[in-house]
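If you want the building blocks of each chain, they are given just below.
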Amino acid sequence: MVTAAQQSPSAPDAARTFPRGFLWGSATASYQIEGAAAEDGRTPSIWDTYARTPGRVRNGDTGDIATDHYHRWKEDVTLMAELGLGAYRFSLAWPRIQPTGRGPAVQKGLDFYRRLVDALLEKNIQPVATLYHWDLPQELEDTGGWPERATAERFAEYAALAADALGDRVKTWTTLNEPWCSSFLGYGSGVHAPGRTDPVAALRAAHHLNLGHGLAVQALRDRLRADAQASVTLNIHHVRPLTASDGDTDAVRRIDALANRVFTGPMLNGAYPEDLLKDTAELTDWSFVQDGDLRDIHQPLDFLGVNYYSPTLVSEADGSGTHTSDGHGNSAHSPWPAADRVAFHQPPGETTAMGWAVDPSGLYDLLRRLSVDFPGLPLVITENGAAFDDYADPAGQVNDPARIAYVRGHLAAVHQAILDGSDVRGYFLWSLLDNFEWAHGYSKRFGAVYVDYPTGTRIPKASARWYAEVARTGVLPGA
């Protein structure tokens, strides 16, 4: 279970010592690492289709091979053990388990995850399974995808299959990873699969992802032991105003509704925010929300997964910013329905290879806000990390001091949030391995472990060794 004792201020190096029991892990996603795209019954996902569409992914890269984790999982589990990870957050590939999104499970697909989980448990690494990290079976997209209610119902059936097969081994479950990306990037701006550009479809998708989450939590609860944990992971945007003007303050409110409260409202409070409904009334009357949906969505959670990389800076549109270049990918279509009066700006300071600002204070502010807004709900950092232009030197070493500095700064922010009262139970570094970075293909390296793609060779970077020592001791060293 994801648990942590109270911080002991009197412990040695208390200012940077994390609570006893704090969970240290790393994370990956199925399409980004597994490969074996057509093996053992797996059928195409929306990301297979998207990646094969010319012009969608840099260099025409696909996840057909990725880092070949499907065949090299033993090696990867050994790496995790050598790095002293206490937990591994991975996602199940829906089209590997249930290729059409309907009907019985494919046992070969389930067997892969059984073997993986058994190996993790043998190494005393806690498995944390995510049901959905964006690889919807293409057949479900062909019948409407997430904008349709039926997809939420199929997702609950898939969750039941996964729980029946793995519930004796896996105690910690996450329903969705970053449903904002699935809905607004996938169906709004089109920079993620399935590449549709319909703002109403994006809002419908957000609702049916919410519904799928709630139905899946119920399916998990019905099948898992009482001590199992259910959660969801959200990429909560920390939205800041460019100035203190009323217009910029309202821009923050509008984006906060579309980025965050469209999910936290129904999931954690049982209702959609009134300002969100009013803001988007020109597009839809939200009649796709049916009686009983909010009750189904609003399920008790054991913790909230939080993904954070960089803050979001907005203003009232005045020509000084852009409507669509918000760090998520350029498109002629905005991922922000009914927010064309909002402009996005590049935050000041250092950036990563993704062009994202390095700002740990945003993570601190976000954790403190969540603790105030949802008191009593434990938090886990389920993704945090950075891409840099890593390379192996002639000696076969990968030195990445910028990543160490990034992670150190963000862990310091987490530690301070804990000291100030936030109940943060764990931290998962993104990512264990360099991998397929969605529309960026293999051009961006987030991994703690370097992957030489032509050979598949894994080389732990300096940051991996540094993080292993933090995980082993629970102590964050100074800069």
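Provided above is the structure to which this section pertains.
These numbers were taken from a predicted model, which means no experiment stands behind them. All residue numbers here refer to positions counted from 1 along the written sequence of the relevant chain. Thresholds applied to this predicted model are a pLDDT of at least 70 for local features of residues and 80 or more for the giving and counting of side-chain atom pairs; totals over whole chains, interfaces and linings are not thresholded and use all residues. Side-chain metrics in this entry use all non-hydrogen atoms of the structure; hydrogen atoms and water are not considered.

K.L.:
Mind showing me how you'd approach helix α5 (residues 107-122) here?
P.N.:
One full turn of an α-helix is made of 3.6 residues, so residues set three or four places apart face in the same direction. Here a helix means four or more residues in a row that DSSP labels H or I, a strand means two or more in a row labelled E, and each is numbered from the N terminus. One less than the number of residues in a helix, times 1.5 Å, gives the span that helix is expected to have. Spanning 16 residues, α5 covers 22 Å between terminal C-alpha atoms, matching the ideal 22 Å at 1.5 Å per step. Considered for burial, the residues of α5 that qualify are Gly109, Leu110, Phe112, Tyr113, Arg114, Leu116, Val117, Ala119 and Leu120. On the buried face of α5, the contacting elements are α1 (30-33), α3 (69-82), β2 (87-91), α4 (94-97), β3 (126-132) and α7 (149-166). Directly beyond the C-terminal end of α5, a positive phi value near 60° is found at asparagine 124. Whether a residue is buried, partly exposed or exposed follows from its accessible area with a 1.4 Å probe, protein chains only, as a fraction of its type maximum: under 20%, in between, or over 50%, in that order. Whether two residues touch is decided by their heavy atoms; if any such pair falls within 4.5 Å, the residues are in contact.

K.L.:
What exactly am I supposed to notice about the pattern of salt bridges here?
P.N.:
The salt bridge criterion pairs a side-chain nitrogen of Lys or Arg with a carboxyl oxygen of Asp or Glu, the two atoms within 4 Å. Across all of its chains, the model carries 35 salt bridges by this definition. Arginine 458 is the salt-bridge partner of aspartate 76, the closest N and O atoms lying 2.8 Å from each other. With aspartate 76 in helix α3 and arginine 458 in strand β13 (residues 457-460), this residue pair connects regions lying 382 residues apart in the sequence. Just as aspartate 76 is buried, arginine 458 falls in that class too. For the salt bridge of aspartate 359 with arginine 240, the shortest nitrogen-to-oxygen distance reads 2.6 Å. With a gap of 119 residues between them, aspartate 359 in the loop between β9 (342-345) and α13 (360-373) and arginine 240 in strand β6 (residues 239-241) connect regions that are remote in the sequence.

K.L.:
Hey, could you run me through the packing of aromatic side chains in this one?
P.N.:
In this description, an aromatic ring pair is defined by two values, namely the gap between the centres and the angle between the planes. The criterion for an aromatic pair is that two Phe, Tyr or Trp rings (for Trp, the six-membered ring) have centres within 6.5 Å, with stacked assigned to planes under 30 degrees apart, edge-to-face to planes over 60 apart and tilted to the rest. Within this structure, the stated rule accounts for 36 aromatic pairs. Arranged with centres 5.3 Å apart and planes meeting at 90°, the rings of tyrosine 31 and phenylalanine 436 form a pair that is edge-to-face. With tyrosine 31 in helix α1 and phenylalanine 436 in the loop between β11 (424-430) and β12 (449-452), this pair connects stretches of sequence that are 405 residues apart. Per residue, the accessibility class of tyrosine 31 equals that of phenylalanine 436, and both read buried. Relative to tyrosine 113, the ring of phenylalanine 90 lies with its centre 6.5 Å away and its plane at 10°, an arrangement referred to as stacked. Highlighted residues: phenylalanine 90 in strand β2 and tyrosine 113 in helix α5, separated in sequence by 23 residues. By relative accessible area, which is 0% here, tyrosine 113 ends up buried.

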